[in-house]
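Secondary and tertiary structure notes
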Amino acid sequence: MPINKDLEELKTRYQMLQSRPDFKLSEIDTQVLLIEPVLKIAGWDCNSYEQVRRAHRRGHGPKMEFDIEVYSPKNNSLVTIAIECKSLNTPYNLTSKKGVGQLHRDNEAAPWWQTTGDDIGQLRAYCVKYSQFAAISIAVLTNGFDWLIFNTETFTLKSKLINPIIESDLKAHSQLDKDNFEEKIIGNLKPDRTIQVIR
């Protein structure tokens, strides 16, 4: 596979950021410096409002609460990739959690919610809300370095909401400095790999 110059530049940027302990990146810093460049490499136009929207919340219709929403190339009113962004300074390790993404429900009237500090549960809860309207093709949790892409066919099943999310719910997992990052992460984020289905 030929060297992807944009990806190599991004890896260099990550190494520079890691070498500066005085840099305390916020979620939005991480989103701009590390996460959106991956979308660009995958083929999305992050300067197009038709394709990419940020922290978009609506008062009417399906409430979308994702940090980044990427819209279907065939229908730019439907989210095809939902991304939950975390700060690069937030360490993330899938294997460190025994019950990943355990969700609870207080009562029938209460919304689904994630256990405190559970980033996967937060992403999952948002996806479940949106899935009542349309199927999201890709759900992503990332801190810019560690990338998790979830299998939305099982990730948003209501019948599993009270069960932990397990590693088999992952579609792809890689880190920015890994040799398989381009294949596993960028490959899955390409516009031709995302399909939108209306409920």
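Right, let's walk through the structure included here. (Residues numbered from 1 in each chain as written. Predicted model: local features only at pLDDT ≥ 70, side-chain atom pairs only at ≥ 80, totals over all residues. Heavy atoms only, no water.)

On to the pattern of salt bridges, then. All told, the structure shown has 5 salt bridges when counted by the stated rule. Notably, a salt bridge pairs Glu-36 with Arg-54, separated by 2.9 Å at the nearest N-O pair. Residue Glu-36 is found in helix H2 (residues 27-42), and its partner Arg-54 is found in strand S1 (residues 52-54); the two are separated by 18 residues along the sequence. What makes Glu-36 buried here is its relative accessible area of 8%. Overlapping salt bridges, with partners in common, bring together Glu-27, Glu-84 and Lys-86 in one network. (Salt bridge = Lys/Arg side-chain N within 4 Å of Asp/Glu carboxyl O. Helix = DSSP H or I, 4+ residues; strand = E, 2+ residues; numbered from the N terminus. Buried < 20%, exposed > 50% of the residue type's maximum accessible area, 1.4 Å probe, protein only.)

This paragraph deals with the side chain of Asn-4. The topology assignment puts Asn-4 in the segment before helix H1 (5-18). Looking at Asn-4, the relative accessible area reads 17%, which means it is buried. A distance of 3.0 Å separates the side chain of Asn-4 from the backbone nitrogen of Leu-7, its partner in a polar contact. Those residues in contact with Asn-4 that sit more than four places away from it in its chain are Ile-41 and Glu-182. (Polar contact = N/O pair within 3.5 Å; in protein donor to acceptor, adjacent residues only side chain to side chain. Contact = heavy atoms within 4.5 Å.)

Its location among the elements puts Glu-69 in strand S2 (residues 68-71). A polar contact is formed between the side chain of Glu-69 and the side chain of Tyr-71, at a distance of 2.6 Å.

Right, let's talk about helix H5 (residues 181-189) for a bit. Along H5, the positions that sit buried rather than exposed are Phe-181, Ile-185, Ile-186, Gly-187, Asn-188 and Leu-189. Contacts made by the buried residues of H5 are with H1, H2, strand S3 (79-85), strand S7 (138-142), strand S8 (146-150) and strand S9 (170-175).

Right, let's talk about the sheet that holds S7 for a bit. Pairing is mixed across the open sheet formed by 6 strands, whose spatial order is S1-S2-S3-S7-S8-S9. The open sheet has two edge strands, S1 and S9, and neither has a second partner. Each adjacent strand pair in this sheet contributes to an overall mean axis angle of 15°, direction not counted. Of the strand pairs in this sheet, S8 and S9 are connected by 5 bridges, and their pairing is antiparallel. Bridge pairing links Phe-150 to Leu-170 in S9. Strands in contact with H5 are S3, S7, S8 and S9; relative to S9, the strand with the most contacts, it is inclined by about 130°. (Pairing = 2+ DSSP bridges. Axes fitted to C-alpha atoms, helices over the stretch in contact; angles between N-to-C directions.)

Taking 1.5 Å as the rise per residue, H2 with 16 residues should run 22 Å; its terminal C-alpha atoms sit 21 Å apart, in good agreement. A maximum bend of about 35° is found in H2 at Ile-35, where proline Pro-37 lies one to four positions downstream. Among the residues making up H2, those that are buried are Thr-30, Gln-31, Leu-34, Ile-35, Glu-36, Pro-37, Val-38, Leu-39, Ile-41 and Ala-42. With its phi angle positive at about 115°, Gly-43 sits one or two positions after the end of H2. (Expected span 1.5 Å × (residues − 1). Bend = angle between axes of the 7 residues up to and from the residue.)

Below, the discussion takes up the packing of aromatic side chains. Counting across every chain of the model gives 4 aromatic pairs. Plain terms: the ring middles of Tyr-14 and Phe-145 are 4.7 Å apart, the flat faces sit at 10° to each other, and that makes the pair stacked. Highlighted residues: Tyr-14 in helix H1 and Phe-145 in the loop between S7 and S8, separated in sequence by 131 residues. Take Phe-145: its relative accessible area is 14%, and that puts it in the buried class. (Phe/Tyr/Trp six-rings, centres within 6.5 Å; stacked < 30°, edge-to-face > 60°.)

Shape descriptors only; they carry no functional weight alone.
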